[in-house]
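Observations on the model geometry
Next come the chains, spelled out residue by residue.
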Amino acid sequence: AQSVTQPDIHITVSEGASLELRCNYSYGATPYLFWYVQSPGQGLQLLLKYFSGDTLVQGIKGFEAEFKRSQSSFNLRKPSVHWSDAAEYFCAVGRGGSYIPTFGRGTSLIVHP
Amino acid sequence: EAQVTQNPRYLITVTGKKLTVTCSQNMNHEYMSWYRQDPGLGLRQIYYSMNVEVTDKGDVPEGYKVSRKEKRNFPLILESPSPNQTSLYFCATRGKGTGVNYGYTFGSGTRLTVV
């Protein structure tokens, strides 16, 4: 069965610092991978997704993620964090044609001024 | 504008009193789904629907019902709510096909408290 692990429950960074949020997945075939962001009191917004091809994926708000098959990872990165990036981030894996994406438990990002 | 609309946004109710949370989408999407979000557990799928009159259980369906009589609406029904159903609920839709269209659009959420 597919599963997603986000090892960090909370991450604290200073504004302007770089960011990396970790995501590891378990799935037999090539997965579809996603990162979503949830701002306080809001629904989830898709940041980026990976299906195939270039393993470095660019998303919205200056985020990028790299798919590494050998490590079963899909880590999210941003070179310089802004205070408005403080939110909950969810990694998800879904099989093509599946209607059941599996979400990780989320990582809460705290940004210090 | 593409939208997934949930109502109500907030609801406090008492144990055993039937309630319905509505979800409506204007994207003509076939696939719709309900999730609940609980601290430390992420999002867990309750029910999903592949099309009109086609629904199936997700990971945590106990205590919930759904119906899909028309494409745009997918209500979540709690026949006899209990305190362990206190949670944040999200409706989501997905366009047909794979590739660039794959990815859910989420509603803004319904925070339900059962006392």
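Residues numbered from 1 in each chain as written. Chains lettered and ligands numbered in written order. Predicted model: local features only at pLDDT ≥ 70, side-chain atom pairs only at ≥ 80, totals over all residues. Heavy atoms only, no water.

How two aromatic rings sit relative to each other is given by the distance of their centres and the angle of their planes. By the definition in use, this model includes 14 aromatic pairs over all chains. Look at Y36(A) and F106(B): their rings are 5.5 Å apart centre to centre, the planes differ by 80°, and that puts the pair in the edge-to-face class. Separated into two different chains, Y36(A) in strand β5 (residues 32–38) and F106(B) in strand β10 (residues 104–106) make up a pair that spans both. Measuring from centroid to centroid gives 5.9 Å for Y35(B) and F106(B), while their planes differ by 45°, and the two rings are tilted. Taken together, the residues Y35(B) in strand β4 (residues 31–38) and F106(B) in strand β10 connect sequence positions 71 residues apart. The pair Y35(B) / F106(B) is uniform in exposure class, with both members buried. One aromatic cluster is present, formed by Y32(A), F34(A), Y36(A), F51(A), F103(A), Y35(B), F90(B) and F106(B) through successive ring pairs. Above the plane of the ring of F74(B) lies R68(B), whose end atom (NZ or CZ) is 5.9 Å from the centre. (Phe/Tyr/Trp six-rings, centres within 6.5 Å; stacked < 30°, edge-to-face > 60°. Helix = DSSP H or I, 4+ residues; strand = E, 2+ residues; numbered from the N terminus. Buried < 20%, exposed > 50% of the residue type's maximum accessible area, 1.4 Å probe, protein only. Lys NZ or Arg CZ within 6 Å of the ring centre and 35° of its normal.)

Residues and elements named next belong to chain A. Scanning the entire structure with this criterion turns up two disulfides over all chains. Covalently, C23 is tied to C91 through a disulfide, its sulfur atoms 2.0 Å apart. Between C23 and C91, the S-S torsion sits near -65°, and that sign places the bridge as left-handed. Taken together, the positions of C23 in the loop between β3 (19–21) and β4 (24–26) and C91 in strand β10 (residues 87–94) put the pair 68 residues apart, joining distant regions of the chain. Judged by its relative accessible area of 0%, C23 is buried. (Disulfide = S-S within 2.5 Å.)

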